[in-house]
Amino acid sequence: MSNNSVIKPEEDTSLKNVLRALQQDEVIAYPTEAVFGLGCDPDSEKAVNALLALKQRPWQKGLILIAANYEQLKPYVDDSALTDAQRETIFSVWPGPVTWVIPASPETPLWLTGSFDSLAVRVSAHPLVQKLCSQYGKPLVSTSANLSGQEPCRTEEEVRIQFGSSLPVLSGEVGGRLNPSEIKDALTGKQFRQG
């Protein structure tokens, strides 16, 4: 086992707590490469609505899914819309801090895609995100942990200050990145957000 995948006892306890919260349609916070993220079960309309209300974010903007591997994302995206070359480009930077916008599967709910026919997805390199998504067995909704107009949280303490002590938080450190993930169109390569 490599050093960065060693889980400390307090992280193990908080991992159990956030997994339980996800199963109960609750919103959680967890560290990512740059900032803490807010997440929930992508298949729970109740949980996604709670997350959108917490963030004061309109559903039309759509959401990002974060996963441990591409297999977890396949039920939500139209993999057949990608060429081998496009897939190769995506996999060349995953796991990592690049979010790709891929045509959504027809079954993907509107509460994830918003007013788009595509979905933003990312395979994270953060060891705690990897562990969380692996143990939960599916991707999570991922949006930066901050209230509208506030700076994104970079520590567990900042999450508690903005959201209160009742929000389940996966203990751990964010990665060393200063900027949120880059967002690119998987079909055209066009950049939507610089990383």
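Since the structure is predicted, the reported quantities are computational estimates derived from the model, not experimental observations.

Scoring rules and cut-offs
- Residues numbered from 1 in each chain as written.
- Predicted model: local features only at pLDDT ≥ 70, side-chain atom pairs only at ≥ 80, totals over all residues.
- Heavy atoms only, no water.
- pLDDT = per-residue confidence, 0-100.
- Helix = DSSP H or I, 4+ residues; strand = E, 2+ residues; numbered from the N terminus.
- Contact = heavy atoms within 4.5 Å.
- Buried < 20%, exposed > 50% of the residue type's maximum accessible area, 1.4 Å probe, protein only.
- Polar contact = N/O pair within 3.5 Å; in protein donor to acceptor, adjacent residues only side chain to side chain.
- Arc of directions from axis to C-beta.
- Salt bridge = Lys/Arg side-chain N within 4 Å of Asp/Glu carboxyl O.

Looking at the protein chain as a whole, the pLDDT averages 92, with 94% of positions reaching at least 70. Mean pLDDT in the protein chain bottoms out at helix H1 (residues 9-23), which sits at 85, and peaks at helix H3 (residues 70-73), which reaches 98. Overall, residues 1-5 carries pLDDT values under 50, and its contacts beyond four positions in sequence, including any with other chains, amount to 3 contacts.

Let's shift gears to the side chain of Ser124. Along the chain, Ser124 turns up in the loop between strand E5 (118-123) and helix H6 (127-136). According to the relative accessible area criterion, Ser124 is buried, its value standing at 0%. Within the local environment of Ser124, its side chain forms a polar contact with the side chain of Glu33, the two groups lying 3.0 Å apart.

All of the buried residues along helix H7 (residues 156-163) are Val159, Gln162 and Phe163. Taken end-on, H7 shows its buried residues confined to a sector of 75 degrees, consistent with a single buried face. Across from the buried face of H7, at angles greater than 90 degrees, the exposed residues are Glu157 and Ile161. Buried residues along H7 sit against strand E1 (28-31), strand E2 (36-39) and helix H2 (45-55). Immediately downstream of H7, the backbone of Gly164 shows phi near 90 degrees, a positive value.

Under the criterion given, the structure shown has 8 salt bridges. Between Lys138 and Asp41 there is a salt bridge whose closest N-O contact spans 3.1 Å. With Lys138 in the loop between H6 and strand E6 (140-144) and Asp41 in the loop between E2 and H2, the pair connects residues that are 97 residues apart, well separated along the chain. A residue is classified by how much of its surface remains accessible, and Asp41, at 7% relative accessible area, is buried. The closest approach of N and O atoms between Asp84 and Arg87, which form a salt bridge, is 3.0 Å. Pair noted here: Asp84 and Arg87 are both in helix H4 (residues 84-92), with a separation of 3 residues, about one helical turn. A residue is classified by how much of its surface remains accessible, and Asp84, at 61% relative accessible area, is exposed. Overlapping salt bridges bring together Asp41, Asp43 and Lys138 as one network.

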